[in-house]
Amino acid sequence: MQKYQSEILFLILFIFMVNLNLKGTLYEDLSSLEKETVDQAMAELKLEPVEDLKQKEIKGILIYTESPFAKEKDILSRIGDSLHKNTTDGAIFESLNIKAGDLYDEDLIKDNEKNLRNKSIRSISVIVPVRKKGEFNENIYLLVVSRDIFSLRPSFSLEGSFLNIEDLYASFGEYNLFGTERALIADYHLSKATHAVGLNFIDPRILKSSWSLNLNPQIIFSRQKVFGEGFYGRLELEKPLRFLNDTWGYDFSIAGGSRPKVPFKGFEVRIIKLPSGKTVERRFHYANLSGRAIFTRSFGSIYKKEVFFGYGFDKKNPSIPKDLSLTDDERSEFIKSVLPKKELLSFAIIGFSYFHNRYLDLYDYDNFKTRELIRLGPELSLSADLSPKILLRGDDDFISPSISLAFTKNLGLDSFINFKISGSARFDGKWSDEMSSFKLLCAMPQISKIFRPVLSARFIDIKNNRNNQTFTLGSDNALRGVESSYLEGTTAVRGNLEFRSNSLKLLSIYAGAVLFYDIGSAFFDWHSAQLVHNTGFGLRIFAPQLSATSLRLDLAFPLDPSSRAIHVLVPSFGAGQAF
């Protein structure tokens, strides 16, 4: 035993260091895409990287923002950069809480990097310690390097299968107005039942303060009719907890509207057979008005404890469309089986959360060549909505508690495992809406720097379902091989295994491949559970000039006989990974 004592001690120390993830944001850790931009910045500013950072004082902060098409020389790229206004140095400085004179602190640097990661504005955000070439003193500088995404642009987020688009969000606007990170966007949302046209104004720092504003009015149209079918609006004013040492956060929001609710199986509206023998579509109209005022007090910096409290209300008014032509008895059965409960909820909110502000840096997991931060350690959240009817004037006395517990552990320097369990319920003399869920996600270490296995498993269930809530599975939510929302029930379970390749640079974009296997089921009782499983392959494309998120295209082959009888080959597409 003594013979191997030193080796054992070294192994324990290595594991300890890996688990703490002490390595800072150093030049050598960057991806090839990030290094290209950092190298350009250092060449122009005559800088070189620094690695000995112990007790070093920050002499100053330098900003370098690269244009979206700076590396391309064709005429369209030059036109694109001329139409784009780079993020101003002032806007970058407003997003930081580090200054000259501070000592270098890894946690503080990571915290500021995290705050810079606005996926609508930039595809790269890194902070690298550097010094000026020729200086041999103890001075270090922080080089803040970012690469803007083309801001005056159309933007798309879509999900679909076969040759059909099932959910499309498209917008055109200025996502970085005058380089100030404000956004003014005209947006369009297409779902299976409706069109929605609206405006969205986002100001992340009102008058250079720590408050943000989000305003989003919409008009809703039916896909079957020309005239308006409803409206929706949301206004949110927030002072978020942006940094480690922020102590108070505030969130005020109000939202409401009136719109049709139409559940689908594929592209067919789901139906219900009433006791009278009549078969009708399960669609209804839903009007609501809701609001929240939340106050959060944060304690600690690395080991965070947050207490939050406030008030909320939700006025819900579902109704049956007249064109369903139901009798009184049929209406009663439809209300009982389909509609959410009509009520006014008025409640106090209290809660507590605990988590660690420790992060793992990853590449080639969810995206390509851009840093991804995964929070490590335990996460606990406890909350309750309390409604004493006599005080808050709601329709019912109730308490609605919820709990969530999660833990993320790094598996070396480039992988992790995460599990999460959660539950919620409502008590108003009897228990209802008892929801429980479980999630497991494991991003395994890269194999030969070629591909990474990723495993996911999820379970969700609801009992005593007073609002007739159901869950669906299909190609729109990680059960590829069948049409969207193919399975429905009050219980859903699925598992996924993917082999995600590292990216390959093709001209100015990055591409990768995926092999996958999916299995899952959604059902109303366990006796009717029917597992669907499939396999297939996919393509991922990442264009850092236009998006901070990759696009995906998957082709799935159903394996079980019941699915093969309906589907042979199911293409699906969307933004980001399937899970």
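Residues numbered from 1 in each chain as written. Predicted model: local features only at pLDDT ≥ 70, side-chain atom pairs only at ≥ 80, totals over all residues. Heavy atoms only, no water.

Chemist: Can you explain helix H5 (residues 106–116)? Please cite residues and give values.
Modeler: Most of H5 is tucked away: nine of the eleven residues are buried. Within H5, burial applies to Glu106, Asp107, Leu108, Ile109, Lys110, Asp111, Asn112, Glu113 and Leu116. In this structure, the buried residues of H5 make contact with helix H4 (89–94), strand S3 (122–132), strand S4 (140–148) and strand S19 (358–362). For H5, the N-terminal cap is Asp105; the gap from its side-chain oxygen to the backbone nitrogen of Asp107 is 2.9 Å. (Buried < 20%, exposed > 50% of the residue type's maximum accessible area, 1.4 Å probe, protein only. Helix = DSSP H or I, 4+ residues; strand = E, 2+ residues; numbered from the N terminus. Contact = heavy atoms within 4.5 Å. Polar contact = N/O pair within 3.5 Å; in protein donor to acceptor, adjacent residues only side chain to side chain.)

Chemist: Quick rundown of the pairing of strand S2 (residues 58–66)? Include the residues and the values.
Modeler: The two faces of the sheet receive side chains in turn, since in a regular strand these alternate between them. Among the nine residues of S2, seven are classified as buried, and the element is accordingly described as predominantly covered. The sheet contact formed by S2 and S4 spans eight bridges and is parallel. In the sheet register, Ile63 faces S4, and the bridge partner there is Val144. (Pairing = 2+ DSSP bridges.)

Chemist: Which residues make up the pattern of salt bridges, and what values go with them?
Modeler: Note on pairing: side chains with opposite charge can pair once their charged atoms come close. Inspection of the entire model under this criterion finds 33 salt bridges. One salt bridge in this structure joins Glu66 and Arg147, with 3.6 Å as the shortest N-O distance. In this pair, Glu66 sits in strand S2 while Arg147 sits in strand S4, placing the two residues 81 residues apart along the sequence. Across this residue pair, the class does not change: Glu66 and Arg147 are buried. (Salt bridge = Lys/Arg side-chain N within 4 Å of Asp/Glu carboxyl O.)

Chemist: Describe the packing of aromatic side chains, naming the residues involved and giving the relevant values.
Modeler: If you walk through the whole model with that rule in mind, you get 16 aromatic pairs. Ring plane angle 80° and centroid distance 5.6 Å describe the contact between Phe252 and Phe295, whose orientation is recorded as edge-to-face. Taken together, the residues span a long stretch of sequence, with Phe252 in strand S11 (residues 248–261) and Phe295 in strand S16 (residues 284–299) at a distance of 43 residues. Linked through ring pairs, Trp211, Trp248, Tyr250, Phe252, Phe295 and Phe309 together constitute an aromatic cluster. Here Lys265 stacks its cationic end above the ring of Tyr486, 5.1 Å away from the centre of that ring. Stacked on the ring of Phe516, the Lys or Arg Arg480 has its end atom at 3.8 Å from the ring centre. (Phe/Tyr/Trp six-rings, centres within 6.5 Å; stacked < 30°, edge-to-face > 60°. Lys NZ or Arg CZ within 6 Å of the ring centre and 35° of its normal.)

Chemist: Account for the confidence of the model for the chain, with residues named and values stated.
Modeler: Per-residue confidence for the chain averages 87 on the pLDDT scale, and 92% of its residues sit at or above 70. Long-range and interchain partners of residues 1–24, a stretch whose pLDDT sits below 50, account for 19 contacts in this model, where long-range means more than four residues apart. (pLDDT = per-residue confidence, 0-100.)

Chemist: Pulling in residues and values, what's your account of helix H2 (residues 32–45)?
Modeler: Its 14 residues give H2 an end-to-end C-alpha distance of 20 Å, which sits within 8% of 20 Å, the value for a rise of 1.5 Å per residue. For H2, the complete set of buried residues consists of Leu33, Glu34, Thr37, Val38, Ala41 and Met42. Along H2, the residues classed as buried sweep out an arc of 165° about the axis, all on the same side. Where the residues of H2 are buried, they touch strand S1 (47–49), S2, S3, S4, strand S29 (509–523) and strand S30 (532–542). Just beyond H2, the residue with positive phi is Lys46, at close to 55°. (Expected span 1.5 Å × (residues − 1). Arc of directions from axis to C-beta.)

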